[in-house]
Amino acid sequence: MEATATPRTQEEVKAGTAKVTVGEVTLRKFELSDVDAMMAWASDPEVAAFCRWEPYESTKPLLAFLRDTVLPHPWFRAICVSGAVVGAVSVSPTSERCRRELGYVLARAHWGKGVATAVVRRALRDVFADLEPEGLRRVEALVDVGNLASQRLAEKAGFRREGVLRRHYWHKGRARDMVMYSFLSDDPLPE
Amino acid sequence: MEVQQGGAPAPAAELVVSLREFTLSDADAEAFMSWASDPRVVRFQRRDAYEHVDQARRYIADHVLPHPWYRAICAGAGAPLPVVGSISVKPGPAEDGRLFRASVGYRVAHAHWGRGVATRAVRAAAEAVFAAWPWLLRLEAVADVENPASQRVLEKAGFVREGVLRKYILLKGRPRDMVMFSIVVDADTDRRRQQNKPDGP
């Protein structure tokens, strides 16, 4: 996708009819040198609100996370917009070989531009290409019942809403109700 | 633990169902074979049917006895009541090292299907683990979409149906659609939110 700056009004964005174009969105593997770019979202309390982690206050623990969790992870990608790292998307193993769980995080500066939707669609395409030979048939996303933005994103990306799993997910001291979404290897990718 | 139906003396036709721990006895291993070797019962289980009682003996020793919560389902007539199935509750998975959920699974010998044995056993197991584990907030169970009998057992036992999870679990190598059920402790009232129960403990 070529980068195009398109002015758009608040009303157009809200109505969902705006043709949203973003800078070129790519996915690549993380490197240790990405830690400073990661701090942009990892330190942001608004980003951390629906994530499992507390905002990072220094790069040292973030570097440890990068080294110990991200680099050895079976499928963890940096989200790049016009070459700059602005977020992360991962598809993590579960107790079943046929299903993995999608997670993503995006710096606040890039919310509301269609970046996350493009990322999720790209990630689904890539992860099934990579892992269907290993038995992957289902990518699921668990979204807090209060996280309407992520629910809309899952629906736009073509996930099927399956139901609410009550008190299914431990999040910051409480067991939360989560909406379960799934995308199967033979579901049609919306475009 | 022992759970009996009703408080008054049971009429002759009343079904008595109780749960107890397994032992290493030959009798328990043989009883185990009555469902573990039956293709009709193992059809919706991950394991293939057992062919020899030694497999049951080994499974009881290596898996059942060390398990956090595994019980023999006893039902019918006579003393002691015959073992007709098994039921197990597996804590977890934990998150951030925190235990708050568990999942229940059960199997009943084919000869004892259709009489409410599984329903009573599941109800008794749910009562027992919620009492024994104060950390438990969610007890869940899955049933294959092609297993309506098991779905009915869970509904009658007070579980709430949450939805169909597509290609959720591998059964004998094939991904299956599963119906998810649960009983949860209400976040606000600390009371159990399950269906067909009056408001109360």
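Scroll up to find the structure this text is about.
Just so it is clear, the model here is predicted, and its values are computed rather than measured.

### Here we look at helix 4 (residues 59-70) of chain A
All names here are of chain A. Relative to the 16 Å expected for twelve residues at 1.5 Å per residue, helix 4 spans just 14 Å between its end C-alpha atoms, considerably shorter than the ideal helical length. Buried residues of helix 4: Leu62, Leu66 and Val70, and no others. Mapping the buried residues of helix 4 onto a view down its axis gives an arc of 45 degrees, with all of them on the same face. Where helix 4 is buried, its residues contact helix 2 (35-42) and strand 2 (76-81).

### A short note on the environment of valine 64 of chain B
Residues and elements named next belong to chain B. Position of valine 64 among the secondary structure elements: in helix 3 (residues 53-64). Under the relative-accessibility criterion, valine 64 is labelled buried at 3%. Residues valine 64 and leucine 137, spaced 73 residues apart in sequence, show a C-alpha to C-alpha distance of 24 Å.

### Section: the interface of chain A and chain B
Contact with chain A, which involves 26 residues of that partner, is made by 28 residues of chain B. One can count five salt bridges joining chain A with chain B. Among the salt bridges present, the one from arginine 46 of chain B reaches glutamate 96 of chain A, with a minimum N-O distance of 2.5 Å. For the interface between chain A and chain B, the tally reads 14 residue pairs in polar contact (both at pLDDT 80 or more).

### Section: the pairing of strand 2 of chain A
Residue and element names in this part refer to chain A. Judged by how many residues are buried, strand 2 sits mostly within the fold: six of six residues are covered. Residues Phe76, Ala78 and Cys80 point to one face of strand 2 and Arg77, Ile79 and Val81 to the other, with burial holding for every one of them. Across four bridges, strand 1 (residues 25-28) lies against strand 2 in antiparallel orientation. Considered in strand 2, the bridge of arginine 28 is made with alanine 78.

### Observations regarding the pattern of salt bridges
All names here are of chain A. Scanning the entire structure with this criterion turns up 25 salt bridges over all chains. The salt bridge involving glutamate 162 is made with arginine 138; its shortest N-O contact spans 2.8 Å. Of this pair, glutamate 162 sits in strand 6 (residues 160-171) while arginine 138 is found in strand 5 (residues 138-144), placing the two residues 24 residues apart along the sequence. Taking the relative accessible area as the measure of exposure, glutamate 162 reaches 10% and is therefore buried. Look at arginine 138 and you get buried, because its relative accessible area is 0%.

Criteria and cut-off values
Residues numbered from 1 in each chain as written. Chains lettered and ligands numbered in written order. Predicted model: local features only at pLDDT ≥ 70, side-chain atom pairs only at ≥ 80, totals over all residues. Heavy atoms only, no water. Helix = DSSP H or I, 4+ residues; strand = E, 2+ residues; numbered from the N terminus. Expected span 1.5 Å × (residues − 1). Buried < 20%, exposed > 50% of the residue type's maximum accessible area, 1.4 Å probe, protein only. Arc of directions from axis to C-beta. Contact = heavy atoms within 4.5 Å. Salt bridge = Lys/Arg side-chain N within 4 Å of Asp/Glu carboxyl O. Polar contact = N/O pair within 3.5 Å; in protein donor to acceptor, adjacent residues only side chain to side chain. Pairing = 2+ DSSP bridges.

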